[in-house]
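Residues per chain, in single letters:
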Amino acid sequence: MDRIEPKIVPLGESAVVVEFGRVISEDLNQQATGLAKYLAENPFTGFVEAVPAYASTTVFFDPHLLYPADGIGGSISSSIISKINDAINTMTTGDAASAAVIDIPATFDLESGPDLEFVAAESGLSIDDVIELFTSSSYRVFMIGFLPGFAYMGEVDDRIALPRKQQPRQRVPKGSIGIAGRQTGIYPLESPGGWQLIGRTKIELFTPHAERPTLFQPGDLVRFVPA
Amino acid sequence: MSIVVIKEGMLSTVQDLGRVGYRRFGINPGGVMDRTSTKVVNYLLGNDADAAVIELHFPAGSFQFEKECVFAIGGADLGAELDNKKVETFTAARATHGSILKFRQRRDGNRAYLAVAGGFDCERWLGSASTNMRAELGGFHGRRLRASDRIEFAASAESRSAVGTAIGPSLRHSFASPATIRVTAGPEFDVLTAVCEQRLFESTYEISRHSDRMGFRLSGEPLFRLNDSEMLSSGVTFGTVQLLPDGQMIVLMADHQTTGGYPRIVTVASVDLPVLAQMAAGDRVSFKLITIEEAERESCELERSFAFLRFGVRNRSAGVL
């Protein structure tokens, strides 16, 4: 397959960022999550953790276990980068076997979705049309970040893709469903937030004492089911 | 086997070196702001580097010991007094049953670490006692300490370090402001214009009021980007310096989010992160660019001196020194 060489650069002395690309795409996301999975299953000495994002993977390691760097004049980072390049050439990409289709029952009304009216007005649609458009698609989980269990999902129909609020809310209730550009997400905990809120779910996204503490993982497909 | 909060402090939380290995679930490592002081004060007491400590900010409130123990305070000098007698920082001291620990005035630094021999016994979540206040988990019921909270000691283990043992100056960092903070180039360093790259290393920046355990916002000469292309969210770490749309910077600190969507222009070298972590609003910093090799060497040298300290304390208690 014709692929651009990923760019691998240090993020301080105990992490490197592997950038596969700069756009939201399923293929780039599969490479990012594929690398994270491969490294977790085939860790190099000093490996701590790999965090996949939209089109990049950040790899954390403990440089103290690798000091002094092997080779002549090389840095620990450069030896890590060559190990990661080897991993990229060996790994197979694709979504995790455990990736699932997950239905999220949710309420879409003015109380649970305080920005529904704004989204409807801005997009020139009725509230019912906004809900219909939003719930008729399924959304890929691209990455987990921001809060424990917060999934960045996409892509939202262009007609209802609106930017974040100018002034973020101090308190977004737990379970709120929001839109930011072509992304959608659900707040697993009460937190400040700037996404346009259109609904709410009672499903727990974050189960702190479970072996896998988050409901979603990259590659999952999420469907919203109006309650 | 415990210590009780008599008077609530400004922000007192149980922390350790953090919750490592769960960033991919959006769970941030958290942990202490000043990792060097925490490791040093723990080693001084014969503890593991990762033993739970209480991170204090001035005014730090007061505590009562409910059991005789050996304790020490690392990091900032907040004018600690035990039963009205001065307690030097980074010095092992004995508290008796009923002793009262107070903090009179802030002299140097902004975050002090109260450690007891054996560590504190707190709620561990995903392997760490660090307090995650957002998720309300870990540490003391996932929240800051309040009056009448009782924090248990982990073990009755007598300190391996003799009372009076102190840490020499080589493992204490400076509290001077302005401080020169060493940084390495970040993944998006090249978004800066040449003029702004120069400005970044020639200007002095002030830590703004809008600074907390999540991040320190800096104010100073704004920096401009070559272009305004949107960036996809990607991994960040403790010490990542992001360039915000208004041209100002934010340094991500212990409670930062796991991912971010602003250009990561530089990363604070881990050896200088504790120096920055001891600063507060109004303090000033300048940045010096170093290579990743230098940052690695400095970090590994510091780790070696921790190993010497640990051995020194253990051997001393065994009567070897």
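Residues numbered from 1 in each chain as written. Chains lettered and ligands numbered in written order. Predicted model: local features only at pLDDT ≥ 70, side-chain atom pairs only at ≥ 80, totals over all residues.

A look at the overall build of chain B
- Counting its secondary structure elements, chain B contains four helices and 21 strands.
- The C-alpha atoms of chain B give 20 Å as radius of gyration, which agrees with the globular expectation for 321 residues (20 Å, within 12%).
- Referenced to the eigenvectors of the C-alpha coordinate spread, the extents of chain B come out at roughly 65 × 40 × 35 Å.
- Residues counted as buried form 51% of the 321 residues belonging to chain B.
- Sequence-distant contacts, at least 24 apart, represent 76% of the contacts inside chain B between residues at least 6 apart. (Helix = DSSP H or I, 4+ residues; strand = E, 2+ residues; numbered from the N terminus. Rg over C-alpha atoms; globule rule 2.2 N^0.38 Å. Buried ≥ 20, exposed ≤ 12 C-beta atoms within 10 Å, placed from the backbone. Contact = placed C-beta atoms within 7 Å.)

Section: the interface of chain B and chain A
- Counting from both sides, the interface comprises 35 residues of chain B and, opposite them, 40 residues of chain A.
- In terms of residue count, helix 4 (residues 292-317) of chain B provides more of the side of chain B that touches chain A than any other element does, seven residues in total.

Digging into the sheet that holds strand 21 (residues 284-289) of chain B
- The strand order around the closed barrel built from seven strands is 13-20-17-18-15-14-21 (chain B), with neighbouring strands paired in mixed fashion. The mean angle between the axes of side-by-side strands here comes to 40°, regardless of whether they run parallel or antiparallel. (Pairing = 2+ DSSP bridges. Axes fitted to C-alpha atoms, helices over the stretch in contact; angles between N-to-C directions.)

Some thoughts on unusual backbone geometry
All names here are of chain B.
- Put simply, Phe-58 and Pro-59 share a cis peptide bond, and its omega is -5°.
- Take Pro-59: it is sitting in the loop between strand 3 (53-56) and strand 4 (62-65).
- In this model, Ser-177 is joined to Pro-178 through a cis peptide bond whose omega is 0°.
- Structurally, Pro-178 can be placed in the loop between strand 12 (150-153) and strand 13 (179-185).

Here we look at the domain arrangement of chain A
All names here are of chain A.
- Under the domain assignment used here, chain A contains domain 1 (7-90) and domain 2 (101-226).
- The C-alpha-based centres of domain 1 and domain 2 are spaced at 30 Å.
- Taken together, the seven residues of domain 1 in the interface contact eight residues of domain 2.
- Sort the elements by how many residues they give to the side of domain 1 that touches domain 2 and helix 1 (residues 26-41) lands first, with three residues.
- Its residues assigned to classes, the side of domain 1 that touches domain 2 comprises four nonpolar, two polar and one charged. (Domains from an automatic or database assignment. Nonpolar A, V, L, I, M, F, W, Y, C, P; charged D, E, K, R; others polar.)

Some points on the domain arrangement of chain B
All names here are of chain B.
- Split into domains, chain B comes out as domain 1 (2-171) and domain 2 (179-290).
- Each of domain 1 and domain 2 has a C-alpha centre, and these two points are 28 Å apart.
- Taken residue by residue, the interface counts 16 residues in domain 1 and 12 residues in domain 2.
- Counting residues per element, the ones that place at least two in the side of domain 1 that touches domain 2 are helix 1 (35-44), strand 5 (69-77) and strand 10 (108-116).
- Tallied by class, the residues present in the side of domain 1 that touches domain 2 amount to three nonpolar, nine polar and four charged.

Quick notes on the nonpolar core
- Grouped together as the largest cluster of nonpolar side chains are 84 residues, with contacts concentrated most on Leu44(B), Ala72(B), Ala115(B) and Val251(B).
- Top contributing element to this core by residue count: strand 5 of chain B, with six residues.
- Inspection of this core shows a minimum of three residues originating in each of domain 1 (2-171) and domain 2 (179-290) of chain B.
- If near-sequence neighbours (up to four positions away) are discounted, Val251(B) is found in contact with Gly215(B), Phe216(B), Leu218(B), Gly239(B), Val241(B), Val268(B) and Leu276(B).
- One finds Val18(A), Phe61(A), Ala151(A) and Phe206(A) within the second-largest nonpolar core, a separate group that totals 61 residues. (Core = buried A, V, L, I, M, F, W, Y, C linked by C-beta atoms within 7 Å.)

Looking at the confidence of the model for chain B
- Looking at chain B, the pLDDT average stands at 94 and 97% of residues meet or exceed 70.
- Predicted complex metrics record ipTM = 0.95 and pTM = 0.94. (pLDDT = per-residue confidence, 0-100.)

A closer look at the pairing of strand 7 (residues 151-154) of chain A
All names here are of chain A.
- Of the two faces of strand 7, the one carrying Ala-151 and Met-153 and the one carrying Tyr-152 and Gly-154 are both buried.
- Strand direction decides the pairing type here: strand 6 (residues 138-144) and strand 7, joined by four bridges, are antiparallel. Across the sheet, residue Met-143 finds its bridge partner in strand 7, namely Tyr-152.
- Linking strand 6 to strand 7, which pair antiparallel, is a turn of six residues; within it Phe-146 sits at a positive phi near 75°.
- Relative to strand 10 (residues 183-186), strand 7 runs antiparallel, the two being bridged by two bridges. Counted as the bridge partner of Met-153 is Thr-184 from strand 10.

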